[in-house]
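If you want the building blocks of each chain, they are given just below.
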Amino acid sequence: MTSTSGSGRPLLNRRLAEFGTTIFAEMSALAVKTGAINLGQGFPDTDGPESVREAAVRALRDGRGNQYPPGPGVPELRTAIAEHQLARYALTYDPDREVLVTAGATEAIAASLLALVEPGDEVIALEPYYDSYAASIALAGGARVPVTLRPRGGRFRLDLDELRDAVTDRTRLILLNTPHNPTGTVLTRAELTEIAKLAVERDLLVVTDEVYEHLVFDDAEHIPLASFPGMRERTVTIGSAGKTFSFTGWKVGWVTATPELVGAVRSAKQFLTYVSSGPFQYAIAEALALPDSYFADFRADMLAKRDLLSEGLRAAGFDVYVPAGTYFVTTDITPLGESDGFAFCRSLPERAGVVAIPNAVFYDHRDAGAPFVRFAFCKRTSVLEEAVSRLKSLAG
């Protein structure tokens, strides 16, 4: 089929024309073609807790969720989400009016932007940003305004003055991500305090993607923006089961916000998937009630894997930005005599048998991201050890 209609008009909506096939599809296909270890796409290579998997099987057998679940999500999961927010962050949400279950965080982001952004509204996003952010802003007809995180002192940092300067009379919303993919930065209490003040001062909405909330390391602390003064009534908080429980294929995400904000997001979401993941919702309700030891062990396991991969990358010659959160490591390829992350990542499977992602794909300012490459460490230890062994060839 041609890419244009008989009238010569492109088939693809012009709002999506700039995006094409995602880099994840391209690099994963390259991993299959070459037999390389895929440290590009962020999915675990083992399943999560057996008890949670069995809860899904039990729901299937008992006929719970096999037909359309309620539009906002099954009551058991909405209650579990509300209890999670209360126990972890002292945030109180009404499970019937202030919680919405979505088809993963990706749908939650899309539905939030489609609901809250009018054509021409400006949306500020921290650059580099997860690629679906740009597509969702475009679908909503919004104007993307990137504020760049820049490396300083061993981590990528937000320039609060630059953020403030980016706000105009057309700014509708700030799209925030902490812990931050791909850089691994976790915004501090001081940074979040200033963001909250700015949002209140300029009467902005904020959508916060917090899917890596349980993957923070060392002295970092995840603090929901909604917990700051004046922010609960203007913040849409997005969470997800996939990253915390290692069942990414189940696509169970959620939104917590005021009844007015949840109602707006639901108005868009109902015309996307309407409902999804019926039996899995019951399983995730049980997962959220797992003891604190599960979350501590999960974090400790990922911390060990972070250190294993970070040390291996450093030994291979990369500059490494050790992440304070998420399960990604961003590296600088400049010490290897390289400057083009796209070319480097496309050649790496043949050179070293490993796949990574060029961070430049997450930037509007491609030059700012050119030398940075992202590796995922949410893999089995034996896989990471083999990847590290293969990458040693770069040091030579």
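What counts and what doesn't
- Residues numbered from 1 in each chain as written.
- Predicted model: local features only at pLDDT ≥ 70, side-chain atom pairs only at ≥ 80, totals over all residues.
- Heavy atoms only, no water.
- Pairing = 2+ DSSP bridges.
- Helix = DSSP H or I, 4+ residues; strand = E, 2+ residues; numbered from the N terminus.
- Axes fitted to C-alpha atoms, helices over the stretch in contact; angles between N-to-C directions.
- Core = buried A, V, L, I, M, F, W, Y, C linked by side-chain atoms within 4.5 Å.
- Buried < 20%, exposed > 50% of the residue type's maximum accessible area, 1.4 Å probe, protein only.
- Domains from an automatic or database assignment.
- Patch = residues over 30% accessible without salt bridge, like charges linked within 9 Å, V, L, I, M, F, W, Y side chains within 5 Å.
- Areas by Shrake-Rupley, 256 points an atom, 1.4 Å probe, with all protein chains shown as cover.
- Salt bridge = Lys/Arg side-chain N within 4 Å of Asp/Glu carboxyl O.
- Lys, Arg positive; Asp, Glu negative; His and termini not counted.
- Polar contact = N/O pair within 3.5 Å; in protein donor to acceptor, adjacent residues only side chain to side chain.
- Contact = heavy atoms within 4.5 Å.
- Parallel < 35°, antiparallel > 145°, perpendicular 65-115°, else oblique.
- Left-handed = near helix turned anticlockwise from the far one by under 90°.
- Nonpolar A, V, L, I, M, F, W, Y, C, P; charged D, E, K, R; others polar.

Caption draft 1: Main features of the sheet that holds strand β3 (residues 122-127). Pairing is mixed across the open sheet formed by seven strands, whose spatial order is β2-β10-β9-β8-β7-β3-β4. Pairing within the sheet leaves two strands with one partner each, and these edge strands are β2 (99-102) and β4 (143-148). Taken over all neighbouring pairs, the strand axes of this sheet differ in orientation by 20 degrees on average, direction set aside. Pairing of strand β7 (residues 171-177) with strand β8 (residues 205-209), which is carried by five bridges, proceeds in the parallel orientation. The partner of L173 across the bridge, within β8, is L205.

Caption draft 2: Focus on the nonpolar core. The biggest cluster of nonpolar side chains holds 102 residues, and the ones touching the most others in it are F245, I284 and F375. Among the domains, domain 1 (15-48 + 293-394) and domain 2 (50-289) are the pair contributing at least three residues each to this core. One finds V147, V167, L176 and L204 within the second-largest nonpolar core, a separate group that totals 27 residues.

Caption draft 3: Structural detail: the pairing of β2. What you see with β2 is no split at all: V99 and V101 on one side and L100 and T102 on the other are buried throughout. Strand direction decides the pairing type here: β2 and strand β10 (residues 253-256), joined by four bridges, are antiparallel. When the sheet's bridge partners are listed, T102 is paired in β10 with G253.

Caption draft 4: Spatial organisation of unusual backbone geometry. Put simply, E127 and P128 share a cis peptide bond, and its omega is 5 degrees. Turning to its location among the elements, P128 is positioned in the loop between β3 and α5 (131-139). The omega torsion across T178 and P179 is -10 degrees, close enough to zero to call that bond cis. Secondary-structure assignment places P179 in the loop between β7 and α7 (189-201). A positive phi is found at D203, a non-glycine position, where the angle reads about 55 degrees. Mapped onto the elements, D203 comes out in the loop between α7 and β8.

Caption draft 5: Here's a closer look at a nonpolar patch on the surface. On the surface, a cluster of nonpolar side chains totalling about 230 Å² of accessible area is made up of L114, L139 and L272. Tracing the chain through its elements places L272 in the loop between α9 (259-269) and α10 (278-287).

Caption draft 6: View of the side chain of E210. With respect to the element layout, E210 can be found in the loop between β8 and β9 (235-240). Buried and without a salt bridge, E210 has R88 as its closest oppositely charged side chain, separated by 12 Å. Among the polar contacts listed, one links the side chain of E210 to the side chain of H222, at a separation of 2.9 Å. If we ignore the near neighbours within four places in the chain, the residues touching E210 are T178, H222, P224, L225, T237 and I238.

Caption draft 7: Main features of the packing of helix α1 (residues 23-34) against helix α12 (residues 341-352). The N-to-C vectors of α1 and α12 enclose an angle of 20 degrees; their axes lie 9 Å apart at closest approach. By the angle between their axes, α1 is roughly parallel relative to α12. Handedness of the α1/α12 crossing: right-handed. Between α1 and α12, the residues in contact are I23, E26, M27, L30 and T34 and F342, C345, R346, P349 and E350, respectively. Of the residues belonging to the contact of α1 with α12, the class tally is six nonpolar, one polar and three charged.

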